[in-house]
Amino acid sequence: MFTIDCFKAAAMVKKELLKSFADGKSVANVGTGAGMPATLNKFKWAAEAGLKTAVVLVDVPLKTALKRNQERADAGKQGLIPEWKVEKVNNAARDNFKEYKKVTDYAILIKN
């Protein structure tokens, strides 16, 4: 099994992002958006490099997220994520979007 220190991994990601930004490359950060400090840093670094930034929230109602979580688990695609965690991440993504759109050039909300 391959393991890496989380601080080392974060430093590697930062180095790679800064290089991409310096080279003017487009970067997509796909995630839940629940980790606000790290995401805000990525927007900041991109803006400092003179790049335009955008945030896209694919907003899924909690009931739908819970149903899809159960379906993925039933199909053997993943383990069942506890309901409290699905709810926490679902709410955090929506709440953090409000903050992210304050610091990005573009903000897009897609209802799913």
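Below is a short write-up of the structure. All chains use their own residue numbering, which begins from 1 and follows the written sequence. Residues qualify for local features only when their pLDDT is at least 70, as the model is predicted, and side-chain atom pairs are given and counted only at 80 or more; totals for whole chains, interfaces and linings, by contrast, use all residues. Hydrogens and waters are ignored; side-chain quantities use all the structure's heavy atoms.

**Things to note about the nonpolar core**
So, point 1. Residues belong to a common nonpolar core when they are buried Ala, Val, Leu, Ile, Met, Phe, Trp, Tyr or Cys residues joined through side-chain atoms within 4.5 Å. Three exposure classes are used, based on accessible area relative to the maximum for each residue type with a 1.4 Å probe and protein chains only: buried under 20%, partly exposed in between, and exposed over 50%. Grouped together as the largest cluster of nonpolar side chains are six residues: Phe43, Val55, Leu57, Ala93, Phe97 and Tyr100.
So, point 2. Among residues more than four places away in sequence, those in contact with phenylalanine 43 are Thr53, Ala54, Val55, Tyr100, Val103 and Thr104. It only takes one pair of heavy atoms within 4.5 Å for two residues to be counted as in contact.

**Considerations on helix H1 (residues 6–22)**
So, point 1. Only DSSP runs of H or I with at least four residues qualify as helices, and only runs of E with at least two residues qualify as strands; both kinds are numbered from the N terminus onward. Expected helix span is given by 1.5 Å per residue-to-residue step, counting one fewer step than there are residues. Its 17 residues place the ends of H1 24 Å apart at the C-alpha level, agreeing with the 24 Å of an ideal helix rising 1.5 Å per residue.
So, point 2. Structurally, H1 contributes buried residues whose contacts are with helix H2 (36–48).
So, point 3. Among the residues trailing H1, glycine 24 stands out with phi positive, at a value near 75 degrees.

**Things to note about the side chain of threonine 104**
So, point 1. In this fold, threonine 104 is placed in the loop between helix H4 (83–103) and strand E2 (106–111).
So, point 2. Throughout this description, a polar contact denotes any pair of N or O atoms lying within 3.5 Å of each other; where both atoms belong to protein, one of them has to be capable of donating a hydrogen while the other can accept it, and for residues adjacent in sequence the pair is counted only when both atoms sit in side chains. Polar contacts involving the side chain of threonine 104 include one to the main-chain carbonyl oxygen of tyrosine 100, which spans 3.2 Å.
So, point 3. Here the side chain of threonine 104 touches tyrosine 106 through a polar contact of 3.1 Å, landing on its backbone oxygen.
So, point 4. Contact partners of threonine 104, with chain neighbours within four places excluded, come to Phe43, Thr53, Ala54 and Val55.

**Section: the environment of asparagine 96**
So, point 1. Relative to the assigned elements, asparagine 96 resides in helix H4.
So, point 2. Looking at asparagine 96, the relative accessible area reads 9%, which means it is buried.
So, point 3. For the pair asparagine 96 and valine 56, spaced 40 residues apart in sequence, the C-alpha to C-alpha distance is 11 Å.

**Considering the packing of helix H3 (residues 62–74) against H4**
So, point 1. Their axes nearest at 10 Å, the elements H3 and H4 cross at an angle of 135 degrees. Judged by the angle between their axes, H3 and H4 are oblique. Between H3 and H4 lies a crossing of right-handed hand. In this structure, H3 uses Leu62, Ala65, Leu66 and Asn69 to contact H4, whose residues at the interface are Glu83, Val86, Glu87 and Asn90.
So, point 2. Throughout, the ten residues Ala, Val, Leu, Ile, Met, Phe, Trp, Tyr, Cys and Pro are labelled nonpolar, Asp, Glu, Lys and Arg are labelled charged, and all others, Gly among them, are labelled polar. A per-class count over the contact of H3 with H4 returns four nonpolar, two polar and two charged. Under this scheme, a helix contributes an axis fitted over its contacting stretch, all axes are lines through C-alpha atoms, and angles between N-to-C directions fall in the 0 to 180 degree range. Should an angle fall under 35 degrees it is called roughly parallel, over 145 degrees roughly antiparallel, and 65 to 115 degrees roughly perpendicular, with every other angle called oblique. Left-handed describes a crossing whose near helix is turned anticlockwise from the far helix by less than a right angle; the clockwise case is right-handed.

**What to know about the pattern of salt bridges**
So, point 1. By definition, a salt bridge exists where a carboxyl oxygen of Asp or Glu is found within 4 Å of a side-chain nitrogen of Lys or Arg. Tallied over the full model, the rule gives six salt bridges.
So, point 2. Across the pair aspartate 59 and lysine 111 runs a salt bridge, and its minimum N-O distance is 3.0 Å. In this pair, aspartate 59 is assigned in strand E1 (residues 54–59) and lysine 111 in strand E2, connecting sequence segments 52 residues apart.
So, point 3. Classification of aspartate 59 as buried rests on a relative accessible area of 8%.
So, point 4. Using a relative accessible area of 64% as the deciding quantity, one classes lysine 111 as exposed.
So, point 5. Here lysine 67 and glutamate 71 are joined by a salt bridge, their closest N and O atoms 3.1 Å apart. In this pair, lysine 67 and glutamate 71 are both assigned in helix H3, four residues apart and thus about one turn of the helix distant.
So, point 6. The class of glutamate 71 is partly exposed, set by a relative accessible area of 41%.

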